[in-house]
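Fold and contact review
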Amino acid sequence: MKKALDEVEGQMARLRTELRTAVEASDTALIHDLRSRLESAQDHWLTLLGVPSAPSTTAIAEPRPLKSVREQVLQTLALIGAPASQKTIRAVHEAFFGGTSLSSTRLASLRRDEERSFSGRRVLRTHVCPALLAESFRPARSVLTSSAWPLHQRLLAPGTEQINYLTMAVNLADAAAETADGNHGDGDAVNALLASIAVNIPGLPGNKPPSAARIREVAQRELDRTLPADLADRDQAARIAAQLPVGEQMFGTPASQNT
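Two elements, strand β1 (residues 84–85) and strand β3 (residues 139–146), share two bridges in a ladder whose sense is antiparallel. Bridge pairing links A84 to L144 in β3. Looking at chain direction, strand β2 (residues 128–133) and β3 are connected through four bridges and run antiparallel. Among the inter-strand pairings, L132 is bridged to a residue of β3, identified as P139. Hairpin geometry of β2 and β3 is characterised by an intervening segment of five residues between the two adjacent antiparallel strands and by a positive phi of about 60 degrees at F137.

Spelled out as structure tokens, the structure:
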């Protein structure tokens, strides 16, 4: 128990420091996020200590997630390994991590909050940002990525959507093996997700759901065949995009700049 208490207390200390910085910067969205996470961490700390919950006459609310929406999205993107639509991120998160906290409304709000946070330079951190169209460097609609990834990985050329799909299939098939060992995720939900992904992979039979190993094998073979040409397109675009201001490399160029 001591180790668990030490970890939560360390998390609480970090959240207090970040919250103080956010208050000093008047970052309202970040303040609400950090306050919620701090309250959740404190609730967890009290539970570990065995302190009984305070009586309440109101209905029991759903427990607040210890991870912020931003952290949950980045965690899910890391698992996918490629830019993904908001719909895909929600589906993968629910299958592998559980919960339904990544609503479309919260994801849309996150996108705006992340750009405001970066513009204010209030907290140095990895941001959730939109994937960028390789032809114009405009943000792609509803496709999210991580600012920690190299620029070419955050660009979308004409063939990149299929490349990202195959990359996701390979990575989720690998993660499914860990789920089968009981490490994380709902096995049934993960298998259902993989079955839905397999439908759109050339070379997989449609009469019955293939195994995770088979999905990985076929997706990797198709990825090896199609990746080089797409990567060449994105690398070329990335060399041009690297000349843009950092903010535009992350969140895209203004519309007026491409007209």
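To continue, consider the sheet that holds β3. If you trace the four strands from one edge of the open sheet to the other, you get β1-β3-β2-β4, paired in mixed fashion. Edge positions in the sheet fall to β1 and β4 (155–156), since each has one partner strand and no second.

The next subject is helix α3 (residues 69–80). Think of an α-helix as turning once every 3.6 residues; residues three or four places apart then point the same way. In a regular helix each residue adds 1.5 Å, so twelve residues correspond to 16 Å; α3 covers 16 Å between its end C-alpha atoms and thus fits that length. Where burial is concerned, most of α3 is hidden: nine out of the twelve residues are buried. Within the span of α3, buried status applies to V69, R70, Q72, V73, L74, T76, L77, L79 and I80. Note on α3: the residue one or two positions beyond its end, G81, has a positive phi of about 80 degrees.

Conventions adopted
Residues numbered from 1 in each chain as written. Predicted model: local features only at pLDDT ≥ 70, side-chain atom pairs only at ≥ 80, totals over all residues. Heavy atoms only, no water. Pairing = 2+ DSSP bridges. Helix = DSSP H or I, 4+ residues; strand = E, 2+ residues; numbered from the N terminus. Expected span 1.5 Å × (residues − 1). Buried < 20%, exposed > 50% of the residue type's maximum accessible area, 1.4 Å probe, protein only.

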